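Notes for the structure review
Below, each chain spelled out in residue letters.
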Amino acid sequence: MVDGVAHLATFVYRMRAAGAWSDEVGTNVLDNGAPFYGTYLCKDGKYVAVGCIEPHFYKLLLAGLGLQDDQTMPKQMDKAKWPQLRARLASVFLSKTRDEWTKVFAPTTKYADACLSPVLGLHEVATHPHIAHRAIINKGPLTDKDIIPSPAPKFSRTPATPSPMGKGAVPRDGQNTLQVLQEAGFNQAEIETLINQGDVVQYNPKSKI
């Protein structure tokens, strides 16, 4: 995992080498330094997230906020005035609730590409239109309020469903050893040898360990 994460950070190292990334946390475009890439508190105490780096997306954000003609607004990439810009955006976001802003920037509006989305609680995610359409979050087995993510990726010929929690729902370690080895072509003697040598584990339902 560390190897993979390091590889994913290649673009950050390249930006740093080019002088476009600072080691000071909170001063870069993607680490909450930029006022157009972060989260904002709304009137109801909930949050929205914005991520409009590209100028044409940023212009849509300003338009949706009613700031497109405000001549006092600092330039998007003027880092020296980012604190001033953040304060201005923050004050505007406090004028409406999260859901009101979500409607302003909904996919069916002219501001849809402004890269604004609601910050949802775990209990709200399942009812989000995109999540619901994709059936990404489904009913869980424990209580009426229990929800659980669906397996991913989704396959049309072999769809998967979340396993309910409980005795026997999730295979025990070694529960399917015999079946897998038999399907792989091992005979009974070979399987017993593998088990006796400790090369594989066969689940024993009588064991109390």
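Up top is the structure these notes are about.
These numbers were taken from a predicted model, which means no experiment stands behind them.

**A look at a nonpolar patch on the surface**
Where nonpolar side chains cluster on the molecular surface, the patch consists of Leu 41, Tyr 47, Leu 94 and Val 119 and spans about 320 Å² of accessible area. Along the chain, the position of Leu 41 falls in strand β1 (residues 37-41).

**Details of the sheet that holds β1**
Taken in spatial order, the three strands make up an open sheet running β1-β2-β3, and their pairing is antiparallel. Across the chains shown, the open sheet's two edge strands, defined by having one partner strand only, are β1 and β3 (116-118). Going from strand to strand, the sheet's axes swing by 25 degrees on average, the running direction of each strand aside. With three bridges joining them, strand β2 (residues 47-51) and β3 adopt antiparallel strand pairing.

**Overview of the environment of Gly 64**
Here Gly 64 is to be found in helix α3 (residues 55-64). In the structure, Gly 64 is positioned 123 residues away from Asn 187 in sequence and 69 Å away in space, judged by C-alpha atoms. Not counting the four nearest positions on each side in its chain, Gly 64 is found in contact with Trp 101, Val 104, Phe 105 and Tyr 111.

**Side note on the pattern of salt bridges**
Applying the stated criterion across every chain, the model contains five salt bridges. Between Asp 70 and Arg 88 there is a salt bridge, with its nearest N and O atoms 3.1 Å apart. Placement of the pair is Asp 70 in the loop between α3 and α4 (82-93) and Arg 88 in helix α4, with a sequence separation of 18 residues. The exposure class assigned to Arg 88 is partly exposed, which follows from its relative accessible area of 30%. The salt bridge partner of Arg 98 is Asp 99, with a shortest N-O separation of 3.1 Å.

About the thresholds
- Residues numbered from 1 in each chain as written.
- Predicted model: local features only at pLDDT ≥ 70, side-chain atom pairs only at ≥ 80, totals over all residues.
- Heavy atoms only, no water.
- Patch = residues over 30% accessible without salt bridge, like charges linked within 9 Å, V, L, I, M, F, W, Y side chains within 5 Å.
- Areas by Shrake-Rupley, 256 points an atom, 1.4 Å probe, with all protein chains shown as cover.
- Salt bridge = Lys/Arg side-chain N within 4 Å of Asp/Glu carboxyl O.
- Helix = DSSP H or I, 4+ residues; strand = E, 2+ residues; numbered from the N terminus.
- Pairing = 2+ DSSP bridges.
- Axes fitted to C-alpha atoms, helices over the stretch in contact; angles between N-to-C directions.
- Contact = heavy atoms within 4.5 Å.
- Buried < 20%, exposed > 50% of the residue type's maximum accessible area, 1.4 Å probe, protein only.

The values are spatial; any link to function lies outside them.
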